[in-house]
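What the coordinates show
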Amino acid sequence: MSKERLRDFLFQKFYPGKEAMIENPVTKRADVKIGFLCNNRCRHCVQGDKRQQYGNKTLRQIRGELRNAISDGCTEVVFTGGEPTLHKDFLELVRCSKDLGFKSIQIQTNGRMFSYMDFCIRTIKAGANDFCLAVHGHTDSVHDYLTSVKGSFGQTIQGMRNLKSLNVRVASNIVVSKVNYRHLPQIAKLLVVLGVDQFQFAFPHPTGKAGENLPTIVPRMKEIIPYVKRGLEVGIKAGKRVMTEAIPYCLMVGYEDYVGEMSIPDTEVFESDYKIDNYTEYRRNEGKSKGPECQRCKYRSVCEGPWREYPEVFGWDEFRPVLNNYV
């Protein structure tokens with residue numbers, strides 16, 4: 001059974017009459033990490049010290065990855081990093097993506113360069129049509145503490161305002177941490193006021209800087225869930241598309257439709273010096289793990305479990321199987 005048919009079957013089984021959140025099940029995406037240089041120093045950054053190890057890729061190398069992605073049937077590309085807007089050939093790479101025929105060209109960014117309206121206009125003219133800006137606090141004190149850069153909050157928020165004024169799609173990713181989890185509803189309200197089209201709450205992957213700073217950055221999942229759900233409610237009531245990332249189904253009872261993994265398209269990832277052909281399989285087989293009770297859960301076929309490192313530190317007590325007649 002194909003991934004798409006399995007997904008549809010499971011959603012009809014667990015949620016009769018409801019449609020899956022995936023907007024286009026045949027979409028295939030390329031996640032191209034064009035470099036690891038960044039003007040933030042986020043305390044939760046999964047990339048760790050890759051900026052020192054790898055820096056940025058060459059224009060020739062990235063062009064080859066884009067052609068590879070098109071040959072593999074990708075119709076969407078996401079530029080990530082590091083901070084992609086700092087690459088010296090950033091605009092040329094966006095133009096190259098448009099010329100190759102990518103229908104969606106998304107920039108995942110800290111948003112600081114987009115505080116300059118001229119840069120926004122040039123990026124959109126080059127072909128970018130989708131932007132995801134990372135916002136980690138509802139105030140400068142929270143956000144700037146997490147990015148380790150004073151003034152970054154103001155630049156990111158201005159970048160979001162600029163892009164929305166140019167009528168492009170804008171989303172936001174919020175990495176949930178010990179520092180900001182109590183403020184998730186306030187962050188959601190801020191994003192609604194700013195007019196974002198979508199936002200997600202992502203649990204930190206406890207590697208890289210998040211792993212190094214684990215005692216002060218990585219929260220217990222059971223503590224964040226009430227705030228996650230309240231934050232989701234803010235977006236739901238405002239008619240926004242909202243979701244979570246890396247929070248298992250058993251903790252999302254009543255909000256199962258907003259577990260983001262089911263809406264991630266097939267993705268291949270062009271990492272620093274290697275390629276992940278199927279990111280879904282990578283997450284399921286290497287990135288995340290299942291506990292001793294997970295096979296009893298009704299969501300066992302769709303849930304990916306937490307990041308592997310989390311239960312290695314905190315154990316499995318928080319994760320209890322959800323049972324019903326299908327088990």
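Remember, it's a predicted structure, so these values are computed and weren't measured experimentally.

1. Overview of unusual backbone geometry
- Residue Gly-82 follows Gly-81 across a cis peptide bond; omega there is 10 degrees.
- For Gly-82, the position within the fold is in the loop between strand 2 (76–80) and helix 4 (90–100).
- A positive phi angle is found at Asn-167, which is not glycine, with a value near 60 degrees.
- With respect to the helices and strands, Asn-167 occurs in the loop between helix 7 (152–165) and strand 5 (169–175).

2. Observations concerning the environment of Glu-286
- Position of Glu-286 relative to the elements: it lies in helix 12 (residues 279–287).
- The sequence separation of Glu-286 and Val-193 amounts to 93 residues, and the corresponding C-alpha distance is 38 Å.
- Ignoring anything within four residues of it in the chain, the contact list for Glu-286 reads Glu-281 and Arg-308.

3. Things to note about the pattern of salt bridges
- The full count for this structure, using the stated rule, is 20 salt bridges.
- Here Lys-275 ties to Asp-72 by a salt bridge, and the two come within 2.7 Å at their closest N and O atoms. You can see Lys-275 sitting in strand 9 (residues 275–276) and its partner Asp-72 sitting in the loop between helix 3 (59–71) and strand 2, a full 203 residues away along the chain.
- When its relative accessible area of 29% is taken as the criterion, Lys-275 is described as partly exposed.
- Owing to a relative accessible area of 29%, Asp-72 belongs among the partly exposed residues under this scheme.
- Residue Asp-89 is joined to Lys-88 by a salt bridge in which the shortest nitrogen-to-oxygen separation is 3.1 Å.
- A relative accessible area of 16% means that Asp-89 is categorised as buried.
- Members of the salt-bridge network, linked through shared partners, are Lys-28, Asp-72, Glu-268, Lys-275 and Asp-277.

4. Regarding the confidence of the model for the chain
- Of the residues in the chain, 91% reach a pLDDT of 70 or more, and the chain-wide mean stands at 92.
- Segment residues 1–6: pLDDT under 50, and seven contacts once partners within four positions in sequence are set aside and those in other chains are kept.
- Within the model, the stretch residues 8–24 combines pLDDT values under 50 with 32 contacts to residues more than four positions away or in other chains.

5. Let's talk about the pairing of strand 4 (residues 130–134)
- The element strand 4 is largely enclosed, with a buried count of five among its five residues.
- Across the two faces of strand 4 the burial is the same, with Asp-130, Cys-132 and Ala-134 and Phe-131 and Leu-133 all buried.
- As paired strands, strand 3 (residues 104–109) and strand 4 are joined by four bridges and run parallel to one another. Note on strand 4: the bridge partner recorded for Gln-108 is Cys-132.
- Chirality of the crossover, the property in question, places the unit of strand 3, helix 5 (residues 117–126) and strand 4 among those that are right-handed.
- The pairing of strand 4 with strand 5 spans five bridges and is classified as parallel. Along strand 5, the bridge assignment pairs Phe-131 with Val-170.

6. Quick word on helix 3
- End to end, helix 3 covers 18 Å across 13 residues, agreeing with the expected 18 Å (1.5 Å per residue, within 8%).
- For helix 3, the full list of buried residues reads Leu-59, Ile-62, Glu-65, Leu-66 and Ala-69. Taken end-on, helix 3 shows its buried residues confined to a sector of 125 degrees, consistent with a single buried face. Exposed side chains of helix 3 directed beyond 90 degrees from the buried face belong to Arg-60 and Ser-71.
- Packed against the buried residues of helix 3 are strand 1 (28–33), strand 2, helix 4 and strand 8 (266–270).
- Within two residues after helix 3, Gly-73 carries a phi angle of roughly 95 degrees, on the positive side.

Reading the values: the criteria
- Residues numbered from 1 in each chain as written.
- Predicted model: local features only at pLDDT ≥ 70, side-chain atom pairs only at ≥ 80, totals over all residues.
- Heavy atoms only, no water.
- Helix = DSSP H or I, 4+ residues; strand = E, 2+ residues; numbered from the N terminus.
- Contact = heavy atoms within 4.5 Å.
- Salt bridge = Lys/Arg side-chain N within 4 Å of Asp/Glu carboxyl O.
- Buried < 20%, exposed > 50% of the residue type's maximum accessible area, 1.4 Å probe, protein only.
- pLDDT = per-residue confidence, 0-100.
- Pairing = 2+ DSSP bridges.
- Right-handed = clockwise from strand over helix to strand, strands pointing away.
- Expected span 1.5 Å × (residues − 1).
- Arc of directions from axis to C-beta.

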